[in-house]
Amino acid sequence: MSSTAERDWEDIDWSRHPNYSAGVATEVETIVRILNIAHVDTVNQSVYIKASLNLYWTDPRLAEREKQTPGAKLPSMIWGPWPELSNGLVGLQQDLLAKGLHDKTLGQMNAIIIWEGEINNPMNLRDFPFDLDFIDFIFVNERATLGLPGDADSFKIVGQMNSFRLTKLKPDSAFRLKAAIPDFCEAGEAPPFMCLYQWDGVIPEWNLVGYRERAATFPVPKGGTKEAWVFAVLIERKSAYYFWKAVLPLSLVMFFSCGIGIFAVDDLANRMSMGTTMFLASFATLYVVGAELPKTHFLTSIDQVVVATLLFLALMAANSWVCYSIAESGLRDTAEAINWVVLFACPVVYVAVVLMAFLPAIERKGKALRQVSLTGAMENASRSSKNPAGAAADGE
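Thresholds applied
Residues numbered from 1 in each chain as written. Predicted model: local features only at pLDDT ≥ 70, side-chain atom pairs only at ≥ 80, totals over all residues. Heavy atoms only, no water. Disulfide = S-S within 2.5 Å. Axes fitted to C-alpha atoms, helices over the stretch in contact; angles between N-to-C directions. Helix = DSSP H or I, 4+ residues; strand = E, 2+ residues; numbered from the N terminus. Parallel < 35°, antiparallel > 145°, perpendicular 65-115°, else oblique. Contact = heavy atoms within 4.5 Å. Nonpolar A, V, L, I, M, F, W, Y, C, P; charged D, E, K, R; others polar. pLDDT = per-residue confidence, 0-100. Buried < 20%, exposed > 50% of the residue type's maximum accessible area, 1.4 Å probe, protein only. Pairing = 2+ DSSP bridges.

## Structural notes on the state of the cysteines
No. 1: On inspection of all chains with the given rule, the structure shows zero disulfides.
No. 2: Cys346 forms no disulfide, and the closest cysteine sulfur to it belongs to Cys258, at a distance of 6.7 Å.

Next comes the structure, spelled out in structure tokens:
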């Protein structure tokens, strides 16, 4: 290549994105890797995550330069996408793991970015503890400069505001929630230490269900909107913990309180003593599990059971006072009848209230899971028709 042509390449502003002159955003293909999800905090509505994003984009300028000057090094300052997690909390770390020219002849670049820390995770807790949660990874494009000084092929990637758009997952990529080792380790796209990170897909208190992806727009403070790509992992809460640690103890306290009936209706001291003991036992149970319950301005499903338990215990105490007053007025038979009606009716009504609180939540959860399963099956069928090889890889 002549010296004049070489000066032409040197004069190019590589910090501009490839489609700058055309006035359109550069399409960036993505592959997301979930390396870890831990400590889903219901009370603070946050979650600890570790995830990486493989980015692939084409820079026609590099392909053209490769034809004229084969083997030329990458420019010292070259454009590249730098998405950020917009729902990241303070302390979330974002680092560039790898970068380079993926295909010289096509001018295809790639970079791997990793995030580790806590992200905001708003939850719909009305059906707690029979709820589902979508952990959203909201990727947006931001202005940034990144690089790894000291690399043998050291160069920097410059990202410009609104200069790129993240597209859907690459059709031939297999996203596995329980994948032990990320695919890019085998492809040599990441440093060796990266391949040591493994995740078995286990999240304490939760089950992994599936994932979804969508494009979204968000308003910005100064007006207008910002494009985003949202990748969401669906998880299902394991409700057995709350049944054994909260619902069952409270229910036993409620049923034990029916033992008030062994005392005569005019034995107010013993009846009130037992009622008070049961009431204190219920508060002790709530004190133990209270830290695990969400702080909301509305009653969740389990809150309804808690409130029902306290109200029924209060009703049992009120029944003792009423029956004692009636017996003292000379109507002992009437007091006995009222006492036994209340003692038998309260447990039956209590069970009905618990079922009314839990069954609709369980039904909504089942309906949501069936919908997710149906949607996933349709997406897999669509992917199979478009890319049989990729679909076969997913089924491995």
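Picking up where we left off.
## What to know about the packing of helix H5 (residues 268-289) against helix H6 (residues 301-328)
No. 1: Across the interface, H5 lies against H6 with an axial gap of 10 Å and an inter-helix angle of 170°. Between H5 and H6, the interaxial angle falls into the category roughly antiparallel. Contact residues: H5 offers Leu268, Arg271, Met272, Met278, Phe279, Ser282, Phe283 and Leu286, while H6 offers Val306, Leu310, Leu313, Ala314, Ala317, Asn319, Ser320, Trp321 and Tyr324.
No. 2: Looking at the contact of H5 with H6 residue by residue, the classes come out as 13 nonpolar, three polar and one charged.

## Let's talk about the confidence of the model for the chain
Residues shown with low pLDDT carry predicted positions that ought not to be read at fine detail.
No. 1: When the pLDDT values of the chain are averaged, the result is 77; 77% of them are 70 or greater.
No. 2: Ignoring residues within four places in sequence, the model shows residues 143-156, a span with pLDDT below 50, making 33 contacts including any to other chains.

## Focus on the environment of Phe256
No. 1: By the element assignment, Phe256 lies in helix H4 (residues 240-256).
No. 2: Given the relative accessible area of 55%, Phe256 is considered exposed.
No. 3: C-alpha of Phe256 to C-alpha of Gly275: the two residues are 19 residues apart in sequence and 9.5 Å apart in space.
No. 4: When near neighbours in sequence (up to four residues on either side) are disregarded, Phe256 contacts Met274 and Met278.

## Considering the pairing of strand S6 (residues 108-120)
No. 1: Counted residue by residue, S6 has 10 buried out of 13 residues, so it is predominantly covered.
No. 2: In this sheet, S6 lies alongside strand S2 (residues 46-58) in antiparallel orientation, the contact comprising 13 bridges. Bridge pairing links Val47 to Ile119 in S6.
No. 3: Bridging between strand S5 (residues 93-103) and S6 involves nine bridges; their strand directions are antiparallel. For Leu96, the partnering residue across the bridge sits in S6 and is Ile113.

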